[in-house]
2 protein chains.
Amino acid sequence: MKTTLTQRLMGSALACALAVATTLVQAADALPSWNEGNAKQGIVDFVKRVTAKGSKDFVPPAERIATFDNDGTLWAEQPLYFQLFFALDRVKALAPQHPEWKTKEPFASLLKGDLKGALAGGEPAIFQIVMATHAGMTTEEFEKIVRDWIATAKHPKTGRLYAEMVYQPMLELLRYLRANGFKTFIVSGGGIDFMRVFSEQLYGIPPEQVIGSSGKLKFEFREGKPVLVKLPEIDFIDDKAGKPVGIQKHIGRRPILAFGNSDGDLQMLQWTAAGSGARFMGIVHHTDAEREWAYDRKSSIGRLDKALDEAQAKGWTVVSMKNGWKRIFAFE
Amino acid sequence: MKTTLTQRLMGSALACALAVATTLVQAADALPSWNEGNAKQGIVDFVKRVTAKGSKDFVPPAERIATFDNDGTLWAEQPLYFQLFFALDRVKALAPQHPEWKTKEPFASLLKGDLKGALAGGEPAIFQIVMATHAGMTTEEFEKIVRDWIATAKHPKTGRLYAEMVYQPMLELLRYLRANGFKTFIVSGGGIDFMRVFSEQLYGIPPEQVIGSSGKLKFEFREGKPVLVKLPEIDFIDDKAGKPVGIQKHIGRRPILAFGNSDGDLQMLQWTAAGSGARFMGIVHHTDAEREWAYDRKSSIGRLDKALDEAQAKGWTVVSMKNGWKRIFAFE
């Protein structure tokens, strides 16, 4: 018994040493990839206000909920959402098992390399592609497929792994918030089962803190073992007005900080802004055609129009990637 | 700057002192309301196996997911689910605004005090009562109603607040697991928005770790402010085969420990059991007619029949309340 107790106390001592080390890191610049300016200053001021004991804006740690969109906010989303590239890769991989796709749209165009033709069918075409590649298997089978893909698949423009195309300043922000007692969540229109495979590794966000769009699931037994089968039927779309709904379903508390980059995030930002006490609403503005992409009001992917107007009217923080970020990707 | 740093280091020092104190508490008996016996021993052995560094059954903290049913597992559920008592109280409170209820079942019987008659309509009757009392308001309005109710409403048999009718041994178990790096979740057929109001206060489980049944929500603006309106439409039933689905939707990881008390928990227990590595499946068996209630295979509330057979066949831990628990409620 004595030994066990000693070992446990040693464990605590080690944890203490780590806590002190973390404190020292915090005291230095926690956001080195952010240029000095309004955005960075606004974030740091907000965090100080809600964490300082005795501050009139103090928020208990349990209520320090921060929500982040994923595509275009934590990682890139051009020229297509990365999950759509995943789906396209899967269509190619599955084609031998589906001879009928040779003559069936949108698969036929896709397999001929005509991406534009395939996506000409709009949302119904995308729905078909997503369902053919995200359903009809168990959750464990899907997880393995995504795990293999994210470890190897490369972006067509940069030649980098998709997993490398995360924004370094946002990784620093996530870490900084967590070091200050925040609980960080992803709230994305992307597939929940897709993102959860890599959210911990890429962002330090565990699967239970990922909120996304989902298909229906069915519990059944296969060869005597219980499995969850992914059905080709939409359960929930976590986009636009769905984002506050997704936040309520999963968290049951209103965020005090939210970050997005497109009109799909507007309602999440409005919902965050409408709470009482100190709030922070941020928008990543894609303004850097050289280091990343430049797009906003007219883009079909990640359109930022109404949310940009509202941010300007309400004084939310708009971060220009070009001016606000010293570095965009870690590989730069 | 120097002062801030000093203050932060002081904060870390305080956290360290607390951590050491916690370690000392852990070393003593963390489950004082449990009688010595197989159930208690099984729990302690399991926790040691999955937390001991170097153990072949070691599980990293992030994967130490523990899920608990609520009604009949964390608090009592007789003679009716407490949430149904809440709904009945609400029908009485709302009756003046609904003169039509005087002649409309199941409300008419209910308002005359004829509970049996009201519930004779079975599930459709219960559905009507639940929807009339859980929808048609914003999530914030509902939260306030539940908060007021849980603070004052008393159980018809014991005369105690419902909030006091939580099982002391299970509170100790939740605390013991968390002290050992587990993340504790509720996975209940009860309403998610209902439980979240008191889960943190009663069980130390934050709202984002509560999974339950839910109605659909709608985001809209009222008087210029965004709200989430609770619609009279079921979104998800977190019971039976719904429990593993709810676990996947919310957590995205399989539990390594699960506790239930009825056939509604069977699939959650099967799902937990089917994972690889060390597992713990527990069932609370209501065997104490004097201190609580005694019921199992023939009860309409909390029926325990198939799950009891499977527990016996598979060697899951069945905790007899009569023999396993020194104390059931804190007020004893």
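Residues numbered from 1 in each chain as written. Chains lettered and ligands numbered in written order. Predicted model: local features only at pLDDT ≥ 70, side-chain atom pairs only at ≥ 80, totals over all residues. Heavy atoms only, no water.

Regarding the confidence of the model for chain A
Residues and elements named next belong to chain A. For clarity, the threshold we go by: Summary of the metric used: pLDDT quantifies the predictor's per-residue confidence within the range 0 to 100. Secondary structure elements follow DSSP: runs of H or I of four or more residues count as helices, runs of E of two or more count as strands, with numbering from the N terminus. It only takes one pair of heavy atoms within 4.5 Å for two residues to be counted as in contact.
Predicted confidence across chain A gives a mean pLDDT of 93, with 92% of residues reaching 70 or more. By mean pLDDT, the top-scoring element of chain A is strand 1 (residues 65–68) (99), and the lowest-scoring one is helix 1 (residues 2–27) (49). Scored below 50 in pLDDT, residues 1–6 makes three contacts in the model with residues more than four places away or belonging to other chains. With pTM at 0.92, the complex prediction returns an ipTM value of 0.91.

Some thoughts on the sheet that holds strand 7 (residues 317–320) of chain B
Two strands in a sheet stick together by hydrogen bonds in their backbones, pointing the same way (parallel) or opposite ways (antiparallel). All names here are of chain B. As a reminder of what qualifies: At least two DSSP bridges between two strands are needed for those strands to be called paired. Between the N-to-C directions of two axes lies an angle of 0 to 180 degrees, each axis being a line fitted to C-alpha atoms and, for a helix, fitted only over the stretch in contact.
With respect to topology, seven strands assemble into an open sheet ordered 4-3-2-1-5-6-7, the strand pairing being mixed. Of all the strands in the sheet, the pair left with one neighbour each is strand 4 (225–236) and strand 7. Going across the sheet, the axis of each strand differs from the next one's by a mean of 30°, ignoring polarity. Sheet analysis places strand 2 (residues 183–191) next to strand 3 (residues 210–222), joined by three bridges and oriented parallel. Residue pairing for strand 3: Val-187 is matched across the bridge by Ile-211. Most of the contacts of helix 2 (residues 38–51) go to strand 6 (residues 280–285), to which it runs at about 155°, and overall it touches strand 5 (257–260), strand 6 and strand 7.

Quick word on the pattern of salt bridges
The test is simple: The term salt bridge refers to a pairing of a side-chain nitrogen on Lys or Arg with a carboxyl oxygen on Asp or Glu at a separation within 4 Å. Only protein chains enter the calculation, and the probe is 1.4 Å; a residue is then buried if its accessible area is under 20% of its type maximum, exposed if over 50%, and partly exposed in between.
Taken as a whole and judged by the stated rule, the model has 46 salt bridges over all chains. A salt bridge links Arg-160 of chain A to Glu-164 of chain A; the nearest nitrogen and oxygen atoms lie 3.5 Å apart. Residue classification places Arg-160 of chain A among the partly exposed positions, given a relative accessible area of 30%. By relative accessible area, which is 28% here, Glu-164 of chain A ends up partly exposed. Here Lys-216 of chain B ties to Asp-235 of chain B by a salt bridge, and the two come within 3.3 Å at their closest N and O atoms. Of this pair, Lys-216 of chain B sits in strand 3 while Asp-235 of chain B sits in strand 4, and the two are 19 residues apart along the sequence. A relative accessible area of 32% places Lys-216 of chain B in the partly exposed class. Counted as one network, the salt bridges with shared partners bring together Lys-183 and Arg-253 of chain A together with Glu-200 and Glu-208 of chain B.

A word on the sheet that holds strand 5 (residues 257–260) of chain A
Residues and elements named next belong to chain A. The mixed open sheet is built from seven strands, whose spatial order is 4-3-2-1-5-6-7. The sheet terminates laterally at strand 4 (225–236) and strand 7 (317–320), the two strands that pair on one side only. Across the sheet, the mean angle from the axis of one strand to that of its neighbour is 30°, orientation sign disregarded. By the bridge criterion, four bridges tie strand 6 (residues 280–285) to strand 7 in an arrangement that is parallel. Bridge assignment links Ile-283 to a residue of strand 7, and that residue is Val-318.

Topic: the packing of aromatic side chains
Residues and elements named next belong to chain A. So the rule is basically this: Two aromatic rings from Phe, Tyr or Trp, using only the six-membered ring of Trp, form a pair when their centres are within 6.5 Å; if the ring planes differ by under 30 degrees the pair is stacked, by over 60 it is edge-to-face, and anything between is tilted.
Across all of its chains, the model carries 40 aromatic pairs over all chains by this definition. Taking 5.8 Å as the distance between ring centres and 50° as the angle between the ring planes, the aromatic pair formed by Phe-46 and Phe-280 counts as tilted. With Phe-46 in helix 2 (residues 38–51) and Phe-280 in strand 6, this residue pair connects regions lying 234 residues apart in the sequence. Side by side, Phe-46 and Phe-280 carry an identical accessibility label, which is buried. Seen in terms of ring centroids, Phe-86 and Phe-194 are 5.1 Å apart; in terms of plane orientation they differ by 45°. Their pairing is tilted. Of this pair, Phe-86 sits in helix 3 (residues 82–94) while Phe-194 sits in helix 9 (residues 192–196), and the two are 108 residues apart along the sequence. For Phe-194, a relative accessible area of 2% puts it in the buried group.

Here we look at the side chain of Asp-288 of chain A
Residue and element names in this part refer to chain A. For the record, the criterion: Here a polar contact is recorded for every N or O atom pair within 3.5 Å, except that within protein the pair must consist of a potential hydrogen donor and a potential acceptor, and residues adjacent in sequence are included only if both atoms are side-chain atoms.
Relative to the elements of secondary structure, Asp-288 occurs in the loop between strand 6 and helix 13 (306–314). Under the relative-accessibility criterion, Asp-288 is labelled buried at 4%. Among the polar contacts made by the side chain of Asp-288, one reaches the main-chain amide nitrogen of Glu-290 at a distance of 3.2 Å. Here Asp-288 is in contact with Trp-293, Ala-294, Met-321, Lys-322 and Ile-328, once residues within four sequence places are set aside.

Considerations on the nonpolar core
Condition: To qualify as a nonpolar core, a set must consist of buried Ala, Val, Leu, Ile, Met, Phe, Trp, Tyr and Cys residues joined through side-chain atoms within 4.5 Å.
Grouped together as the largest cluster of nonpolar side chains are 72 residues, with contacts concentrated most on Trp-34, Phe-68, Trp-75, Met-170, Leu-173, Tyr-203 and Phe-259 of chain A. Of all the elements, helix 3 of chain A adds the most residues to this core, at eight residues. If near-sequence neighbours (up to four positions away) are discounted, Phe-68 of chain A is found in contact with Leu-74, Met-170, Leu-173, Leu-174, Leu-177, Thr-184, Phe-185, Ile-186, Val-187, Leu-257 and Phe-259 of chain A. Within the second largest apolar cluster, 71 residues are counted, among which are Leu-74, Leu-84, Leu-177 and Ile-301 of chain B.

With respect to empty space enclosed by the protein
This is how it is decided: Lining residues are those with an atom within 4 Å of a point, where the points come from a 1 Å grid over the protein atoms alone and group into cavities, where a 1.4 Å probe fits but cannot get out, or pockets, open sets with protein on both sides within 12 Å along at least five of seven lines. Grid points are joined across faces, edges and corners, and a volume is the space filled by probe spheres set on the points. Amino acids are sorted into nonpolar (Ala, Val, Leu, Ile, Met, Phe, Trp, Tyr, Cys and Pro), charged (Asp, Glu, Lys and Arg) and polar (every other residue, Gly among them).
On inspection of all chains with the given rule, the structure shows four cavities of 30 Å³ or more. Roughly 50 Å³ of volume is contained in the largest cavity. Here the residues of the lining of the largest cavity are counted per class, giving three nonpolar, three polar and two charged.

Examining helix 12 (residues 266–273) of chain A
Along helix 12 of chain A, seven of the eight residues are buried, which leaves the element largely enclosed by surrounding structure. Of all the residues in helix 12 of chain A, the buried ones are Leu-266, Gln-267, Met-268, Leu-269, Gln-270, Trp-271 and Thr-272 of chain A.

Some details on unusual backbone geometry
All names here are of chain A. Omega for the bond connecting Glu-105 with Pro-106 falls within 30 degrees of zero, at 5°, which places this linkage in the cis form. Within the secondary structure layout, Pro-106 lies in the loop between helix 3 and helix 4 (107–111). Backbone geometry at Glu-223 places phi at a positive 50°, although glycine is not the residue there.

Quick word on the pairing of strand 2 (residues 183–191) of chain A
Residues and elements named next belong to chain A. Buried residues dominate strand 2, accounting for eight of its nine residues. Note: strand 1 against strand 2, four bridges, orientation parallel. Residue pairing in the sheet places Thr-67 in a bridge with Phe-185 of strand 2.

Concerning the packing of helix 3 of chain A against helix 6 (residues 122–134) of chain A
Residue and element names in this part refer to chain A. For clarity, the cut-off: Should the near helix be turned anticlockwise from the far one by less than a right angle, the crossing is left-handed, and should it be turned clockwise, the crossing is right-handed.
Packing of helix 3 against helix 6 brings their axes to within 9 Å, and their N-to-C directions diverge by 65°. Seen along the crossing, helix 3 lies across helix 6 with a hand that is left-handed. Where helix 3 abuts helix 6, its residues Gln-83, Leu-84, Phe-86, Ala-87, Leu-88, Arg-90, Val-91 and Leu-94 lie against Ile-126, Ile-129, Ala-132, Thr-133 and His-134.

Looking at the side chain of Ser-262 of chain B
Residue and element names in this part refer to chain B. Turning to its location among the elements, Ser-262 is positioned in the loop between strand 5 and helix 12 (266–273). Judged by relative accessible area, which is 14%, Ser-262 ranks as buried. Those residues in contact with Ser-262, other than ones at most four positions away along the chain, are Gly-302, Arg-303, Leu-304 and Ala-307.

Some remarks on the environment of Ile-211 of chain A
Residue and element names in this part refer to chain A. Following the sequence through the fold, Ile-211 ends up in strand 3 (residues 210–222). Placed 24 residues apart in sequence, Ile-211 and Val-187 show a C-alpha to C-alpha distance of 4.8 Å. Contact partners of Ile-211, with chain neighbours within four places excluded, come to Phe-185, Ile-186, Val-187, Ser-188, Ile-192, Met-195, Asp-238, Gly-246, Ile-247, His-250 and Ile-251.

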